[in-house]
Amino acid sequence: MIPASRRSSWMLYAASLVALLLSAVPLPHVLDVLRPDFLLLIVVWFAVMLPRAGGLLYAWTAGLALDAFRGVVLGENALAFVVVAYLAHRFYLRVRSFPLAHQSLVVLSLLFTYQFVLFWVDGVTGHPLTDWARWLPVATGALLWPVLTGLLGRLTSRA
Amino acid sequence: MPVLREPGARYAPPRVSTLGLQALLLIAVSIGVMVVDHRQHELTVIRATLSAAAWPLQMLVHSPGAAWDWLAASFATRSHLLSENEALRAAAREDDLRLLRLEAIQQENLRLRALLNAAPRDAEKAQVASVLRVDLDPLRHRVLVDRGSRDGVTRGQPVIDGTGIFGQISNVGPMAAEVILLSDPTHAVPVQIERNGLRTIAVGTGDARRLSLPYLPRNADVKVDDLLVSSGLGGVFPAGFPVGRVVEVKRDPGQPLATVTAEPAAMLDRDREVLLLWVRPPVTLPAAEPPPPAARQSDTPRSKAASR
């Protein structure tokens, strides 16, 4: 009956939870530096592919959860998530019609926006981090996009 | 309602406009939250609640590693355990010996301090905490430990391990607390060189095996292998705990400052267990206004004499 939308909401929550856990799983330093921003990728994917599953409020909550998880200034990730989710929601129809490689480039720019907002907030709050390695997750996240699309697309379309 | 031409068009205009409004609103809320949290530190209740909510998830992340440790420990071979036991026993014997000597020195120190009318050393209490297997941020050196405000942990409390200073508590939740390590790029600790009492500041570099001493003039008396101990000046770390050892001194004639790097004494990237210290704040010092400068200067020779 209704399930289609409710199911996608459940998928969204489950995927977010897994992403939150993945963002904190202990890894060796080399991999840790490369770790993509899983939770943000989930937020972007749902904003683009199933925009009605979760709105901006969901993105904000997810960001706040990440803040609480990481112990950074409350609201830092929340702000960055809202900015990215807004862009993703705004252009979801366009992004959706792009070929996969092209989509990855869009995701690259979204992830870059995210890191830039974090970078800016870090600077304003007096914890600047100028290591170039902080931009690595942008690249790995964009590379992960096709995999994520394949995986989540399969999971959500199986009805 | 205007004439509807396509099914998609019916829903696009209002959606876009409220989307922008929503975004603006949420951005404003986020900035508000950040300002209040960063400037006033008034969100302690909310922070504590969120941290308590995050705790089960953090435990979930932590548990596979912990379970693996437990498995490895339960399947350790007998010979391995025996040899480990042997080594620990030898270490304990040595420590006993050192402790005996320390006791005598402490008594002597107390007497001398009484003679000099100096304030007694800060009383200390320690509690063991485990470092959770949770990665917070790869570029910031922070770890979670399994003690929180429940156990009386407070912000700014020093954390040490068996070999030296580890870091300080930067955030406290009910069940867990966040420790900022010495090597975090935004952390600095006031130190002095044990050999001559020269005071400076050791700053984290973002590399767990490196600290930097950026404020030493080119002609400063610092050598490779000098031991750095905490000077106790910042009011966070008690004086006299090992911080690190100088591994490199570069003096460039064109630069006013020497480039000095040190290796932290604590195993910052390897420790699974650390000690939280409760240090009584030195409230007795401000009462006697004149002594501090003199007391500080005479601090070094005295502690050196005591350690001999």
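Right above here is the structure, for reference.
Let me sum up the structure you'll find in this document. (Residues numbered from 1 in each chain as written. Chains lettered and ligands numbered in written order. Predicted model: local features only at pLDDT ≥ 70, side-chain atom pairs only at ≥ 80, totals over all residues.)

## Digging into the overall build of chain B
In step 1: The secondary structure content of chain B amounts to 4 helices and 12 strands.
In step 2: Looking at chain B as a whole, 28% of its 308 residues qualify as buried.
In step 3: In chain B, of all internal contacts separated by at least 6 residues, the share reaching a separation of at least 24 is 59%. (Helix = DSSP H or I, 4+ residues; strand = E, 2+ residues; numbered from the N terminus. Buried ≥ 20, exposed ≤ 12 C-beta atoms within 10 Å, placed from the backbone. Contact = placed C-beta atoms within 7 Å.)

## A closer look at the overall build of chain A
In step 1: When you go through chain A residue by residue, the secondary structure sums to 8 helices and 0 strands.
In step 2: Of the regular secondary structure in chain A, the N- to C-terminal order runs α-α-α-α-α-α-α-α.
In step 3: Relative to its length of 159 residues, chain A is compact, with a C-alpha radius of gyration of 15 Å against a globular reference of 15 Å.
In step 4: Burial status across chain A gives 41% buried among its 159 residues.
In step 5: Here the contacts in chain A between residues at least 6 apart in sequence split such that 69% fall between residues at least 24 apart. (Rg over C-alpha atoms; globule rule 2.2 N^0.38 Å.)

## Overview of the interface of chain B and chain A
In step 1: The partner chain A presents 35 residues to the 36 residues of chain B that form the contact.
In step 2: Put simply, the parts of the chain that give the side of chain B that touches chain A at least two residues each are α1 (12–40) and α2 (44–74) of chain B.
In step 3: Looking at the side of chain B that touches chain A residue by residue, the class counts come to 19 nonpolar, 9 polar and 8 charged. (Nonpolar A, V, L, I, M, F, W, Y, C, P; charged D, E, K, R; others polar.)

## A word on the sheet that holds strand β2 (residues 142–145) of chain B
Within a sheet, adjacent strands bond to each other through the backbone by hydrogen bonds, running parallel or antiparallel.
Residues and elements named next belong to chain B.
In step 1: What the 6 strands build is an open sheet, ordered β1-β12-β3-β4-β5-β2; its pairing is antiparallel. Each having just a single partner strand, β1 (124–130) and β2 make up the two edges of the open sheet. Recorded for the sheet is a direction-independent mean angle of 35 degrees between the axes of neighbouring strands. (Pairing = 2+ DSSP bridges. Axes fitted to C-alpha atoms, helices over the stretch in contact; angles between N-to-C directions.)

## Observations regarding the sheet that holds strand β11 (residues 259–264) of chain B
All names here are of chain B.
In step 1: Strand order in the closed barrel formed by 6 strands is β6-β7-β8-β11-β10-β9, with antiparallel pairing between adjacent strands. Averaged over all neighbouring strand pairs, the angle between strand axes comes to 40 degrees, with direction disregarded.
In step 2: Where strand β6 (residues 188–193) and strand β9 (residues 227–230) come together, 3 bridges link them in antiparallel fashion. Bridge pairing in β9 links Ile193 to Leu228.

## Looking at the pairing of β11 of chain B
Residues and elements named next belong to chain B.
In step 1: Note: strand β8 (residues 211–213) against β11, 3 bridges, orientation antiparallel. Across the sheet, the residue bridging to Leu213 is Val260, located in β11.
In step 2: As judged from the 6 bridges shared by strand β10 (residues 242–250) and β11, these two strands associate in the antiparallel manner. Looking at β11, one finds that Val246 is bridged to Ala262.

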